[in-house]
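# Breakdown of the fold
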Amino acid sequence: VHTMVVRAGQTTYLNVVDKEQEGALTIYKEGEVLTKWDGSNFIYEMKKLPGATFKVTAGADIYRADGTKVHSEGDVIAEQLTTGVDGYVYLGNLHLGTYVVTETSSIDGYTINSNPHVVNIEYENQNLTVQVEATTIRNARQKAEVTVTKRDSDTDNPLVGGQYTIYAVYDIVNYAGEIIVSKGKALQTVTTGDD
């Protein structure tokens, strides 16, 4: 509401400046985390992850509402954006436009997701001050496998029926830091097949 006084015989002016709608971007990081051991298998769940680092660039030329160019396509908008303990990082004070989010550093135990994620921050409505968009970037956990081959020492032929047991060398903890498998626990026993 703007208040003004109008007097007879005078012209009264009111100058109102519209505020340009701003943009903001929330980047979420997700990946599978170890939650428990059911006696024969490790169980994983998708959770938000801290510690991943991102770069944001302009995905196209970006302009102010008045048509003034502020960024060219490919310009770096922000670097070293790192997800916090809650698994996200927030970037504000952006102009409306197209942005590209790229992971630059992953978390120990996860494979970097090098796929660029395009996010469009577009005008929403006249009552919104900041238009917030979000993107979720998932990382695959690094996996390991063990192969055992049993062969005859004289003929080098494969031997059937050799049994091998895998044990935990250390305590295995879940994402919350709880021990779910104690050191020395047998995890799995396998038997060699025909090959």
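Refer to the structure printed above.
Scope of this entry: the structure provided in the associated data block. Within each chain, residue numbers correspond to sequence positions counted from 1 in written order. For a predicted model such as this one, the threshold for reporting local features is a pLDDT of at least 70, and the threshold for listing and counting side-chain atom pairs is 80 or more; totals across whole chains, interfaces and linings nevertheless cover every residue. Note: side-chain values were computed over all heavy atoms of the structure, leaving out hydrogens and water.

Our next topic: a nonpolar patch on the surface. Like charges are joined within 9 Å and nonpolar side chains (Val, Leu, Ile, Met, Phe, Trp, Tyr) within 5 Å, but only among residues with over 30% relative accessible area and no salt bridge; these make up the patches. Residue exposure ignores everything except the shown protein chains as possible cover, and the areas themselves are Shrake-Rupley values with a 1.4 Å probe. The rule for a salt bridge is simple: a side-chain nitrogen of Lys or Arg has to be within 4 Å of a carboxyl oxygen of Asp or Glu. Taken together, M4, V6, L14 and V16 make up a surface patch of nonpolar side chains, about 350 Å² in accessible area. Counting from the N terminus, the helices are DSSP H or I runs at least four residues long and the strands are E runs at least two residues long. For L14, the location among the structural elements is in the segment before β1 (22-37).

Here we come to the nonpolar core. Residue types Ala, Val, Leu, Ile, Met, Phe, Trp, Tyr and Cys, when buried and joined through side-chain atoms within 4.5 Å, form a set referred to as a nonpolar core. Burial classes: relative accessible area under 20% of the type maximum marks a residue as buried, over 50% as exposed, and values in between as partly exposed (1.4 Å probe, protein chains only). Of all hydrophobic cores here, the largest spans 22 residues; its most connected members are L25, I27, F54, V56, L81 and V101. Counting residues per element, the ones that place at least two in this core are β1, β3 (53-58), β6 (76-82), β7 (88-94), β8 (97-105) and β9 (117-121). Note on definitions: a residue-residue contact is assigned when non-hydrogen atoms from the two residues lie within 4.5 Å. Ignoring anything within four residues of it in the chain, the contact list for L25 reads V56, V89, Y90, L91, L94, V101, V119, E133 and A134.

Let's shift gears to the sheet that holds β6. Strand pairing requires that DSSP identify at least two bridges connecting the strands. Here we have 4 strands laid out as an open sheet, ordered β6-β3-β8-β9, and antiparallel in their pairing. Where the open sheet ends on each side, the last strands, each with one partner, are β6 and β9. Averaged over all neighbouring strand pairs, the angle between strand axes comes to 25 degrees, with direction disregarded. Taken together, the 4 bridges between β3 and β6 define a ladder with antiparallel strand orientation. Here the axes come from fitting lines to C-alpha atoms, over the contacting stretch only for helices, and the angles between their N-to-C directions go from 0 to 180 degrees.

Let us look at the packing of aromatic side chains. The criterion for an aromatic pair is that two Phe, Tyr or Trp rings (for Trp, the six-membered ring) have centres within 6.5 Å, with stacked assigned to planes under 30 degrees apart, edge-to-face to planes over 60 apart and tilted to the rest. Per the stated rule, a full pass over the model turns up 2 aromatic pairs. Here the aromatic rings of Y28 and Y88 are separated by 5.6 Å at their centres, their planes lie at 50 degrees, and the arrangement is tilted. Of this pair, Y28 sits in strand β1 while Y88 is found in strand β7, placing the two residues 60 residues apart along the sequence. Judged by its relative accessible area of 27%, Y28 is partly exposed. By relative accessible area, which is 34% here, Y88 ends up partly exposed. Both rings, one in W37 and one in F42, keep their centres 4.6 Å apart while their planes meet at 50 degrees; by these two values the pair is tilted. With relative accessibility at 28%, the residue F42 sits in the partly exposed group. Lying over the aromatic face of Y44, R141 brings its terminal NZ or CZ to 3.5 Å of the ring centre. Any Lys NZ or Arg CZ that is within 6 Å of a ring centre and within 35 degrees of that ring's normal is treated as a charge sitting over the ring.

Let us now look at the side chain of R141. Mapping R141 onto the fold places it in the loop between β10 (130-139) and β11 (163-167). Setting aside its immediate chain neighbours within four residues, R141 contacts E32, Y44, G109 and Y110.

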